[in-house]
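Breakdown of the fold
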2 protein chains.
Amino acid sequence: MITGKNYIGKRLSGNGAKTYKTFNPLLNIENENEFVEASIEEINEAVFLASDAYITYNQRSGVEKAVFLNRIADEILAMDEVLIQTYCSESGLPEGRAKGERGRTIGQLRAFAALLEEGSWVDATIDTAIPDRIPAPKPDLRKMLVPLGPVVVFGASNFPFAFSTAGGDTAAALAAGCPVIVKSHPMHAGTGELVASAIIKAAEATGIPNGVFSNLNSSGIEVGVQLVKHPQVKAVGFTGSIRGGRALFDLAAQRDEPIPVFAEMGSINPVIMLPEALKNRASELANTYAGSITVGSGQFCTNPGLLLGIESGGLDNFIQNLSEEIVKIEPSCMLHPNIIGTYEKNKKSAIEQEGLVVAADYGSEVAVNYARQAIVTVEGKTFLENTKLHNEVFGPFSMVVKCKDAAELKAIVSNLEGQLTGTIISDNNEISQYPHIIAALQNRVGRIIFNGVPTGVEVCPSMQHGGPYPASTDSRFTAVGTQSIKRWVRPFSYQDWPNDLLPNELKNANPLGISRSINNKQTTAAI
Amino acid sequence: MITGKNYIGKRLSGNGAKTYKTFNPLLNIENENEFVEASIEEINEAVFLASDAYITYNQRSGVEKAVFLNRIADEILAMDEVLIQTYCSESGLPEGRAKGERGRTIGQLRAFAALLEEGSWVDATIDTAIPDRIPAPKPDLRKMLVPLGPVVVFGASNFPFAFSTAGGDTAAALAAGCPVIVKSHPMHAGTGELVASAIIKAAEATGIPNGVFSNLNSSGIEVGVQLVKHPQVKAVGFTGSIRGGRALFDLAAQRDEPIPVFAEMGSINPVIMLPEALKNRASELANTYAGSITVGSGQFCTNPGLLLGIESGGLDNFIQNLSEEIVKIEPSCMLHPNIIGTYEKNKKSAIEQEGLVVAADYGSEVAVNYARQAIVTVEGKTFLENTKLHNEVFGPFSMVVKCKDAAELKAIVSNLEGQLTGTIISDNNEISQYPHIIAALQNRVGRIIFNGVPTGVEVCPSMQHGGPYPASTDSRFTAVGTQSIKRWVRPFSYQDWPNDLLPNELKNANPLGISRSINNKQTTAAI
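Scoring rules and cut-offs
- Residues numbered from 1 in each chain as written.
- Chains lettered and ligands numbered in written order.
- Predicted model: local features only at pLDDT ≥ 70, side-chain atom pairs only at ≥ 80, totals over all residues.
- Helix = DSSP H or I, 4+ residues; strand = E, 2+ residues; numbered from the N terminus.
- Rg over C-alpha atoms; globule rule 2.2 N^0.38 Å.
- Buried ≥ 20, exposed ≤ 12 C-beta atoms within 10 Å, placed from the backbone.
- Axes fitted to C-alpha atoms, helices over the stretch in contact; angles between N-to-C directions.
- Parallel < 35°, antiparallel > 145°, perpendicular 65-115°, else oblique.
- Left-handed = near helix turned anticlockwise from the far one by under 90°.
- Contact = placed C-beta atoms within 7 Å.
- Nonpolar A, V, L, I, M, F, W, Y, C, P; charged D, E, K, R; others polar.
- Pairing = 2+ DSSP bridges.
- Core = buried A, V, L, I, M, F, W, Y, C linked by C-beta atoms within 7 Å.
- Right-handed = clockwise from strand over helix to strand, strands pointing away.
- Domains from an automatic or database assignment.
- Least-squares fit on C-alpha atoms with pLDDT ≥ 70 in both.
- Arc of directions from axis to C-beta.

1. Observations concerning the overall build of chain A
When you go through chain A residue by residue, the secondary structure sums to 14 helices and 21 strands. Its C-alpha atoms give chain A a radius of gyration of 25 Å, within 12% of the compact-globule value 24 Å for 527 residues. Counting only C-alpha atoms, chain A reaches 75 × 65 × 40 Å along its principal axes. Relative to its full complement of 527 residues, chain A shows a buried share of 60%.

If you want it as structure tokens, here you go:
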């Protein structure tokens, strides 16, 4: 049942004065439930509880934390149809997507649980003592990763499950041993509360201390600002716009004690279509890309917003085919009137730039809050000179850039802002003729794709989701996959520490049987 | 031979208008050579060359980079006595220390070379494709660490070799594949130029491209500011004061494209002396700590500036013994008149705080630029209430805090700023009576030491040198040991990339024979 209240640790609380409702974009009406924004006192209490819980939660074994994460997955799965219905009514997304995203979320929780059960993720590194070394004895040193402290996670508008309440950031932080305070996304406060209730149930069932998880409602920016500025908060996770992510990054950097912010922000995900491929497969590529541009109404961070080719008959064919194909696709509902409003505004402002040509713009009548997909084209020179054209248009929109030659293509790629992904479409090994373009693209992205589409972010250890700024605020980490746990931990060394007081991960006997580096050799052996 | 010029890549250049000299604190006179501060044009050229060299250097194999690093070590060792003489004349440090620090520097370079030769440090992670997976095929994904781009390294005042021109930051960045621009420390510009010449010689001998290394002179802050703000600079390494490190961090965070700054800054390195140990070993501990506080004139970042105990006869004995021992130690010369000036100023300002009691202050005549060591004591309550007392006094100075009980001790530890190290002195397993104090200390430091001294930072994989702010600006990394390479790299994923175009680290055949994670299993096997 949705109460509209905040979870301050395990306690439901709604003392704030400000209330708001979520919105059903499909029906174009407000949803029924009223949500109470967290008050300053509730924010402070949530952080106080988290800070307190950190000391004990941090000492739970990997297996204990794994039981908790698996139980969260179980509790989410066990929820009745209200969860999926709420998701759909707060996002306009279809039931299939809701169930798919729930599966992804549960898969992430279980992947972190498996990581904890195996245990080697802590990077245990041991150098044993050499007491008789000349000129000075070598001490015994043992290092492992430990949690940073309370983490604030901002729910994302476009992934009510997988990048929100119990999404990747939360799962990674809880796995790391960090208490989590979620700043619930205002567009899906009901989904957030339901998922939060599953986490609280799981915490109660598995003896996890009060304060390891809280869920705060907010309709504006105040709750988030208070959280990021709070001295006891030690790190922040965010998925959303460049403006939002940068604002949080700036706040965190300006604190007396700056804290890390991992913000996964916008990206236009450039796709380079090489001449042979365009010549041989213009129609097939147009089909594939019409699908990739419009999937989920273009509301994915890896949506291909920039298609780059060298002027040729193949490129012209591709543009024509893509323009024909994309308007055949049935438009779909966007997440919220604000999102469709911003989409239409950004699309209009892009189209108004000098030199832009509209190749396709869905013209038939659409239902309210449905997005009209569009394709525009522009000369390479114009794109190079007008960086406004590099801005993301969040939605089913893509820009085809017609470069006059490979040199101009390389210049464009070299001057791109940081991106989550880059894609190369190549036939007959023509890719090997463009090593400098590939090198330039690698330098601007976190993941590079061969003959595919950027949409679809596989959850696995070798996924890199994050890239040079502004794709993310710290390219040294990923937001997807079990390696994303590294955002919330720091290395910690014990020098000459008594064996029985060491954590199990570092004890001589290796009671957990994990893989450790001992005197520069990776082994599961005891000492 | 010292020319006083900058190395802009391999070219000596001295076009700037501003010149300065280094200072011999032992003789209290300026050294002869005149150094030319880098001009804006020279700064821009160095960055341009670095940015250009990045593309090719980045593609050198680990073995090629290892040959370069080993050659740098060889060239430094091969330099004649002028190097050691210059080091001593620019720092006031004795020849033994110079040679020891040279050994450490060479050891670091060779350790990174060995890491590159072995090759597994890139964290190669592979998930092979499952084309027939339902509902969607799983792509082939392969991830490894790649260099960030040009790195700026600030030379440290207190380690003219080991944390400067060819020190840990430079060695780690060059190993990572990042070109390095050193902002030479003004106090040892001659040492810097000589070491830079060794790096340039090594680059020439091993075919490393021009621009992979530059060395810029500067007497003030302008050169550093220009470098950190330059759009083509991608990361910064710094060792020094909180004020200096924070200024660079702020500059980097305010850029259009923020970049990571790893600044290893001040620390007072708390030492908790438990009652039994004080009762049983007051005199021995006093001896040990008199040495640790004064070693290198207290100019180490791990100098123990804060000694914490619970009021008792043992603590009084310790204070008395420490006060007697420390004044028996012969004072030594500090690095520069500015450093001794700041030391005397900070010491005076600490002593003037209400409640401070001077237990020892070296009273005899000392040579100019020699530091007078001092010990002060203060009640726990006073220390808790006056955070000015938490400020580092860089030099042979330490404060003993007399806590009224374990609860006050815990409160003090919990409220400390972040520290590089924390030390516990314990007898007869008394440490097990203080789990909450130990937990609080762990939460504030990067390395915890049992029955030892914090001075002496072993260079090995399990060393953590870095801690919660302000010990460093990013506690998720270390400044010492081969793991410090992680500061200058980011993960990068290839999706469905053709095998022959993959880097060797990720090819099916595993031609480098490195350890890789393949479908979640660590192995050196081919695919």
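2. Points about the packing of helix α3 (residues 82-91) of chain A against helix α6 (residues 189-205) of chain A
Geometry of a packed helix pair, given as the angle between the helix axes and the separation of the axes. Residue and element names in this part refer to chain A. At their nearest, the axes of α3 and α6 sit 8 Å apart, and the two run at 155° to each other. With respect to α6, the axis of α3 lies roughly antiparallel. Where α3 crosses over α6, the two elements pack in a sense that is left-handed. In this structure, α3 contributes Val82, Leu83, Thr86, Tyr87 and Glu90 to the contact, and α6 contributes Gly190, Thr191 and Leu194. Tallied by class, the residues present in the contact of α3 with α6 amount to four nonpolar, three polar and one charged.

3. Comments concerning unusual backbone geometry
Residue and element names in this part refer to chain A. A cis amide bond links Ile134 with the next residue in sequence, Pro135, at an omega value of 5°. Tracing the backbone through its elements, the reader meets Pro135 in the loop between β5 (125-127) and β6 (141-147). In the Ramachandran plot, Asn451 falls in the positive-phi region, its phi being about 50° despite a non-glycine side chain. Here Asn451 lies in the loop between β18 (445-450) and β19 (489-495).

4. Remarks on the interface of chain B and chain A
Counting from both sides, the interface comprises 53 residues of chain B and, opposite them, 53 residues of chain A. For the side of chain B that touches chain A, the elements supplying multiple residues, two or more each, are β7 (125-127), β8 (141-147), α8 (242-253), α14 (435-442), β20 (445-450) and β21 (489-495) of chain B. The element best represented in the side of chain B that touches chain A is β21(B), accounting for six residues. Looking at side-chain class alone, the side of chain B that touches chain A contains 24 nonpolar, 18 polar and eleven charged residues. Sheet topology note: the β19(A)/β20(B) ladder contains three bridges and is parallel. The residue of β20(B) that forms the bridge with Gln495(A) is Ile449(B).

5. Here we look at the sheet that holds strand β14 (residues 270-273) of chain B
The strands making up a sheet are joined through hydrogen bonds of the backbone, oriented either antiparallel or parallel. Across the sheet, which stays open at both edges, the twelve strands sit in the order β21(A)-β20(A)-β5(A)-β6(A)-β19(A)-β20(B)-β19(B)-β14(B)-β15(B)-β18(B)-β17(B)-β16(B) with mixed pairing between neighbours. With one partner strand each, in any of the chains shown, β21 (521-523) of chain A together with β16 (357-361) of chain B form the two edges of the open sheet. Mean inter-strand twist for the sheet, computed between neighbouring axes without regard to direction, equals 20°. Sheet analysis places β14(B) next to strand β19 (residues 419-425) of chain B, joined by three bridges and oriented parallel. Bridging from a neighbouring strand, Ile272(B) pairs with Ile424(B) of β19(B).

6. Overview of the nonpolar core
Ranked by size, the top nonpolar core spans 331 residues in total, and within it Leu69(A), Met273(A), Leu69(B) and Met273(B) carry the most contacts. Residues within four places of Met273(B) in sequence aside, it is in contact with Leu278(B), Leu285(B), Leu307(B), Leu308(B), Gly309(B), Phe318(B) and Ile425(B).

7. Let's talk about the sheet that holds strand β12 (residues 270-273) of chain A
Strand order in this open sheet of twelve strands is β14(A)-β15(A)-β16(A)-β13(A)-β12(A)-β17(A)-β18(A)-β21(B)-β8(B)-β7(B)-β22(B)-β23(B), and the pairing throughout is mixed. Because the sheet does not close on itself, it has two edges, and the strands there are β14 (357-361) of chain A together with β23 (521-523) of chain B. Taking the axes of each pair of neighbouring strands and ignoring which way they run, one obtains an average angle of 20° across the sheet. Together, β12, β17 (419-425) and β18 of chain A together with β21 of chain B form the strand contacts of helix α14 (residues 435-442) of chain A, whose direction differs from that of β18(A) by roughly 140°.

8. Brief notes about the pairing of β17(A)
It is a general feature of regular strands that their side chains alternate between the two faces of the sheet. Burial within β17(A) is extensive, with seven of its seven residues counted as buried. Handedness of the β-α-β unit built from β17(A), α14(A) and β18(A) comes out right-handed.

9. Focus on the domain arrangement of chain A
Interface size is often expressed as the accessible area that is lost when the parts come together. According to the domain assignment, chain A consists of domain 1 (6-265 + 477-487), domain 2 (270-450) and domain 3 (495-523). A separation of 51 Å is found between the C-alpha centroids of domain 2 of chain A and domain 3 of chain A.

10. What to know about the environment of Glu392(B)
Residues and elements named next belong to chain B. With respect to the helices and strands, Glu392 occurs in the loop between α12 (380-385) and β18 (397-403). Taking the C-beta count within 10 Å as the criterion, Glu392 has 21 such neighbours and is therefore assigned buried. Between the C-alpha atoms of Glu392 and Leu502, which are 110 residues apart in sequence, the distance is 50 Å. The contact partners of Glu392, leaving out residues within four places of it in the chain, are Gly266, Ser267, Ile268 and Gly305.

11. A closer look at the relation of the copies chain B and chain A
Of the transformation placing chain B onto chain A, the axial shift is 0.0 Å and the rotation is 180°, giving an RMSD of 0.0 Å. On this basis, the relationship between the two copies can be described by a two-fold rotation axis. Considering only C-alpha atoms, the residue of chain B closest to the rotation axis is Ala253(B), which sits at 3.3 Å. Take the interface residues of chain B: 100% of them recur as interface residues in chain A, which is what a same-surface contact looks like.

12. Comments concerning helix α5 (residues 168-176) of chain A
Residues and elements named next belong to chain A. The element α5 is extensively covered by neighbouring structure, given that nine of its nine residues are classed as buried. For α5, the set of buried residues is Gly168, Asp169, Thr170, Ala171, Ala172, Ala173, Leu174, Ala175 and Ala176. Immediately downstream of α5, the backbone of Gly177 shows phi near 105°, a positive value.

13. A closer look at helix α13 (residues 406-414) of chain A
All names here are of chain A. Listing the buried residues of α13 in full gives Glu408, Leu409, Ile412 and Val413. Seen along its axis, α13 keeps its buried residues to an arc of 135°; they face one direction. Summarising the contacts, the buried residues of α13 are in contact with β12, β13 (306-310), α12 (380-385), β16 (397-403) and α14.

14. Describing the environment of Gly168(B)
Along the chain, the position of Gly168(B) falls in helix α5 (residues 168-176). Beyond its immediate sequence surroundings of up to four residues, Gly168(B) is in contact with Gln108(B), Ala162(B), Phe163(B), Ala479(B), Val480(B) and Ser484(B).

15. With respect to the packing of helix α2 (residues 62-78) of chain B against helix α6 (residues 189-205) of chain B
Residue and element names in this part refer to chain B. In the contact formed by α2 and α6, the axes pass within 8 Å of each other and the chain directions differ by 135°. Judged by the inter-axis angle, α2 sits oblique to α6. In terms of crossing hand, the pair formed by α2 and α6 is right-handed. Note on element contacts: α6 touches α2 through Val195, Ala198, Ile199, Lys201, Ala202, Ala203 and Ala205, opposite Phe68, Arg71, Ile72, Glu75 and Ile76. Across the contact of α2 with α6, the residue classes break down as nine nonpolar, no polar and three charged.

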